[in-house]
Amino acid sequence: MVFKNVILKFSPLLFIAVLGVLCSASLVKGEGRNAFVIEGREYSRAELAAHFVSAAFNDYLWLERSAGLLRAIEIIENPKAKDISESWYRPYMVRAAGLPRHGVLNKWKGDVSVAIGWPSVGEINDSYSVADISQDHFFHKIVSGRVSSLKEKTGIKLRYIDSKEDAAAGELFAKIRIIPILGTGLFNDYKVDVVGAGQHSISNINSFNRIPGAVEFTPLSRAQVYGMYVPDVEGSISFASCRILISLPAKMISALVEECLIRSLGLPALSERAPHGSRLSEWNSKANAASKLPIYDGEEARDPFSHLRQKIDKDNQVDLREVGGSGYSDYDIKMLSILYCPSLKLGQDKVSTLYTLMKSDDCF
């Protein structure tokens, strides 16, 4: 194990190369596949393993670059904090069983349901979110359609439930939440100003934004979907949410919902290896120039009146035909199938994940 850690420290590809040599005997004998064609491109097993770990492991802690982390520590040390005492998200904040490990493999156990908006059990004051959307609104149609498509393509036990069924479920509410919002708090139509939200929000959403141990999606990207998931101490995902600006064009919302679902299932990182058009890639990079982010642009990125601006500049929107159109790519589906293969276990780190992928055939 020390040998593997030393190799991985220098280069994941070097580590994979060494594993490839160690595993080559079985592959040469035909006991496992070592070449795969996805969307017309051939990948070796080592390449797919490297692509997978680049999407499955996020190197950044939730809000590690902000004072929000201090607030999370305060809540853990004072679990009777008034603003979370009656909230549905209290178990995610207090963490009675302990904090999750960082930098390990996360995925869901069992069935996963998806709903729109915050859970109805216990209030969460979020001045940016759209409280009620009629069932015939296009946002519902997009989310339900994208969920059904992903379930069909992957076989993952995923289902969409409407607001009535979700409310009737009580504490068993859907654990993936897609929140339509009216503004982001930034000069950015994709990322949300979590840290500065308290300046123009009435909310206990600020406590939710500081869930300890949550895994943020692509924290350093300017124009990807905004969201995160919450793993438990074993590495199983217990909750996920994304926030999407409702005034965006329907095709853009559809693409962001697709990215949200893929990342909520356990692939949170921006993969520089993914082909352009994959939702795991920087598929919306044409919007980067017009999308400000506090980590890069400081206070100039913040826009306290964003929720009052319903119209957007369509010229800043990427043409989805240039990135493969709307729909999940075969590459994305392959990455999810690897994640949910039985040989990969909750809580594995990069080293053991790469080792498993190079030795086991059932992930390919």
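Look up: the structure comes first, before these words.
These figures come from a predicted structure and were not determined experimentally.

1. Some remarks on the overall build of the protein
Next, step 1: Along the backbone of the protein there are twelve helices and eight strands.
Next, step 2: Counting the 364 residues in the protein, one finds 55% classified as buried.
Next, step 3: Residue pairs in contact within the protein that sit at least 24 positions apart in sequence constitute 76% of those at least 6 positions apart.
Next, step 4: About 16100 Å² of surface is accessible on the protein, with carbon and sulfur atoms providing 54% of the total.

2. Brief notes about the pattern of salt bridges
Next, step 1: For the coordinates displayed, the defined rule picks out twelve salt bridges.
Next, step 2: The partner of Glu 47 in a salt bridge is Arg 41, with the nearest N and O atoms 4.0 Å apart.
Next, step 3: You can call Glu 47 partly exposed: its relative accessible area is 31%.
Next, step 4: Given a relative accessible area of 38%, Arg 41 falls into the partly exposed group.
Next, step 5: Taking the shortest distance from any N to any O, the salt bridge between Lys 350 and Asp 59 comes out at 3.9 Å. Pair noted here: Lys 350 is in helix H12 (residues 350-359) and Asp 59 is in the loop between helix H3 (45-56) and helix H4 (68-77), with a separation of 291 residues, a long-range link.

3. Comments concerning H3
Next, step 1: With twelve residues, H3 ought to run about 16 Å at 1.5 Å a step, and its terminal C-alpha atoms sit 16 Å apart, in line with that.
Next, step 2: With ten of its twelve residues buried, H3 lies for the most part within the structure.
Next, step 3: What H3 keeps buried is the set Arg 45, Leu 48, Ala 49, Ala 50, His 51, Phe 52, Val 53, Ser 54, Ala 55 and Ala 56.

4. Concerning the nonpolar core
Next, step 1: Counting 85 residues, the largest nonpolar core has Phe 52, Phe 139, Val 143, Ile 178, Leu 261 and Leu 267 as its most contacted members.
Next, step 2: It is helix H9 (residues 250-264) that contributes the most residues to this core, eight residues altogether.

5. Comments concerning the state of the cysteines
Next, step 1: Scanning the model with the defined rule gives two disulfides in all.
Next, step 2: Covalent S-S linkage joins Cys 341 and Cys 363, the inter-sulfur distance amounting to 1.9 Å. One end of the pair, Cys 341, is in the loop between helix H11 (330-339) and H12; the other, Cys 363, is in the segment after H12, with 22 residues separating them in the sequence. Like Cys 341, the residue Cys 363 is buried in the burial classification.
Next, step 3: For the protein, the disulfide bridges join cysteines in the arrangement 1-2, 3-4, where the cysteines are counted in sequence order.

6. Remarks on the side chain of Arg 279
Next, step 1: With respect to the secondary-structure elements, Arg 279 resides in the loop between H9 and helix H10 (294-297).
Next, step 2: Taking the relative accessible area as the measure of exposure, Arg 279 reaches 0% and is therefore buried.
Next, step 3: For Arg 279, the side chain forms a polar contact with the side chain of Glu 258, separated by 2.9 Å.

7. Looking at the packing of aromatic side chains
Next, step 1: Inspection of every chain in the model, using the stated rule, returns seven aromatic pairs.
Next, step 2: With a centroid separation of 6.2 Å and an interplanar angle of 45 degrees, the aromatic rings of Tyr 43 and Tyr 331 are classed as tilted. One end of the pair, Tyr 43, is in strand S2 (residues 41-44); the other, Tyr 331, is in helix H11, with 288 residues separating them in the sequence.
Next, step 3: Above the plane of the ring of Tyr 340 lies Lys 107, whose end atom (NZ or CZ) is 5.7 Å from the centre.
Next, step 4: Here the guanidinium or amino end of Lys 175 rests over the ring plane of Phe 173, the centre of that ring lying 4.1 Å away.

8. Examining the pairing of S2
Next, step 1: Relative to S2, strand S1 (residues 35-38) runs antiparallel, the two sharing four bridges. Among the inter-strand pairings, Ile 38 is bridged to a residue of S2, identified as Arg 41.
Next, step 2: Where S1 hands over to S2, the hairpin turn is made up of two residues, of which Glu 39 adopts a positive phi near 55 degrees.

9. Some thoughts on helix H6 (residues 138-154)
Next, step 1: The end-to-end C-alpha distance of H6, which contains 17 residues, comes to 24 Å, matching closely the 24 Å that a straight helix rising 1.5 Å per residue would cover.
Next, step 2: Structurally, H6 contributes buried residues whose contacts are with strand S3 (112-116), strand S4 (158-160), strand S5 (176-181), strand S8 (237-245), H9 and H11.

10. A look at the environment of Met 335
Next, step 1: Tracing the backbone through its elements, the reader meets Met 335 in helix H11.
Next, step 2: For the pair Met 335 and Ala 56, spaced 279 residues apart in sequence, the C-alpha to C-alpha distance is 8.9 Å.
Next, step 3: For Met 335, the residues in contact, after removing those within four places along its chain, are Leu 48, His 51, Phe 52, Leu 267 and Leu 280.

11. Looking at the sheet that holds S5
Next, step 1: Pairing in this open sheet of six strands is mixed, and the strands run S4-S3-S5-S8-S7-S6 from one edge to the other. Each edge of the open sheet carries a strand with a single partner, namely S4 and strand S6 (215-216).
Next, step 2: Where S3 and S4 come together, three bridges link them in parallel fashion. Each bridged residue has a counterpart across the sheet, and for Ser 113 the counterpart in S4 is Arg 159.
Next, step 3: Those strands touched by H9 are S3, S5, strand S7 (226-231) and S8, and its axis lies near 165 degrees from that of S8.

12. A look at the packing of H6 against H9
Next, step 1: Relative orientation of the contacting elements H6 and H9 amounts to 40 degrees, with a least axis distance of 10 Å. Relative to H9, H6 is oriented oblique. Classified by chirality, the crossing of H9 by H6 is right-handed. Of the residues in H9, those touching H6 at Phe 138, Phe 139, Ile 142, Val 143, Arg 146, Val 147 and Leu 150 are Ala 250, Ile 253, Ser 254, Val 257, Glu 258 and Leu 261.
Next, step 2: Among the residues making up the contact of H6 with H9, the classes are represented as ten nonpolar, one polar and two charged.

Rules used throughout
Residues numbered from 1 in each chain as written. Predicted model: local features only at pLDDT ≥ 70, side-chain atom pairs only at ≥ 80, totals over all residues. Heavy atoms only, no water. Helix = DSSP H or I, 4+ residues; strand = E, 2+ residues; numbered from the N terminus. Buried < 20%, exposed > 50% of the residue type's maximum accessible area, 1.4 Å probe, protein only. Contact = heavy atoms within 4.5 Å. Areas by Shrake-Rupley, 256 points an atom, 1.4 Å probe, with all protein chains shown as cover. Salt bridge = Lys/Arg side-chain N within 4 Å of Asp/Glu carboxyl O. Expected span 1.5 Å × (residues − 1). Core = buried A, V, L, I, M, F, W, Y, C linked by side-chain atoms within 4.5 Å. Disulfide = S-S within 2.5 Å. Polar contact = N/O pair within 3.5 Å; in protein donor to acceptor, adjacent residues only side chain to side chain. Phe/Tyr/Trp six-rings, centres within 6.5 Å; stacked < 30°, edge-to-face > 60°. Lys NZ or Arg CZ within 6 Å of the ring centre and 35° of its normal. Pairing = 2+ DSSP bridges. Axes fitted to C-alpha atoms, helices over the stretch in contact; angles between N-to-C directions. Parallel < 35°, antiparallel > 145°, perpendicular 65-115°, else oblique. Left-handed = near helix turned anticlockwise from the far one by under 90°. Nonpolar A, V, L, I, M, F, W, Y, C, P; charged D, E, K, R; others polar.

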